[in-house]
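This is what each chain is made of:
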Amino acid sequence: MPPSVTFPTNLSFAGQAVLITGGTTGLGLEAAIHYVTLGASSVIITARNTARGADALAIIESRTGKKGVVQVRTLDM
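Described in the following lines is the structure provided in the data block. This structure is a prediction, so every number in the text was calculated from the model and none was measured. Every chain's residues receive numbers from 1 upward, in the order its sequence appears when written. The predicted nature of this model means local features are confined to residues of pLDDT at least 70 and side-chain atom pairs, given and counted, to a pLDDT of 80 or more, with totals for whole chains, interfaces and linings taken over all residues. In computing side-chain values, all of the structure's heavy atoms are included and hydrogens and water are not.

This next bit is on the pattern of salt bridges. Salt bridges, as used here, are contacts in which a Lys or Arg side-chain nitrogen is within 4 Å of a carboxyl oxygen on Asp or Glu. In this structure the tally under the stated criterion is two salt bridges. A salt bridge links arginine 63 to glutamate 30, with the shortest nitrogen-to-oxygen separation between them at 2.9 Å. Taken as a pair, arginine 63 in helix α2 (residues 50-64) and glutamate 30 in helix α1 (residues 26-37) lie far apart in primary sequence, 33 residues in all. Overall, the relative accessible area of 37% leaves glutamate 30 in the partly exposed class. For lysine 67, the salt bridge goes to glutamate 61, with nearest N and O atoms at 3.6 Å. The buried label applies to any residue whose accessible area, calculated with a 1.4 Å probe on protein chains only, is under 20% of its type's maximum; exposed applies above 50%, and partly exposed to all values in between. The class for glutamate 61 is buried, based on a relative accessible area of 17%. Only runs of H or I of at least four residues qualify as helices and only runs of E of at least two qualify as strands under DSSP, and these elements are numbered from the N terminus.

This is the structure we're talking about:
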């Protein structure tokens, strides 16, 4: 059984911009949620297509309660 992961609660990303490639699923999505929760002023996630980006944006805003923080950019490498 893997150890449980805990994140420091005293961190702040206020005034910071964060870029996450692969931010629509898995660890990238969870990282985006975490940075929004830590107060990042802008979190930019990349998505392979606009539908995946829109889905991820809805999830992040729903789970954090914060709108207008996340920007989605289409990037298919």
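You can see serine 42 is positioned in strand β2 (residues 42-47). Serine 42 gets classed as buried once you look at its relative accessible area, which sits at 12%. Whether two residues are in contact is decided by their heavy atoms, any of which lying within 4.5 Å being enough. Here serine 42 is in contact with Gln16, Ala17, Val18, Val69 and Gln71, once residues within four sequence places are set aside.

For β2, the tally of buried residues reaches five of six residues, placing the bulk of the element in the interior. Sheet analysis places strand β1 (residues 17-20) next to β2, joined by four bridges and oriented parallel. Each bridged residue has a counterpart across the sheet, and for alanine 17 the counterpart in β2 is serine 42. By convention, orient the strands away from the viewer: a clockwise path from the first strand over the helix to the second makes the crossover right-handed. Taken together, β1, α1 and β2 form a β-α-β motif whose crossover is right-handed. At least two bridges found by DSSP between two strands are what make those strands a pair. By the bridge criterion, five bridges tie β2 to strand β3 (residues 70-74) in an arrangement that is parallel. Looking across to β3, one finds that threonine 46 is bridged to arginine 73. In this fold, β2 hands off to α2, which returns the chain to β3; that crossover is right-handed.

Treat this as a map of the structure, not an account of what it does.
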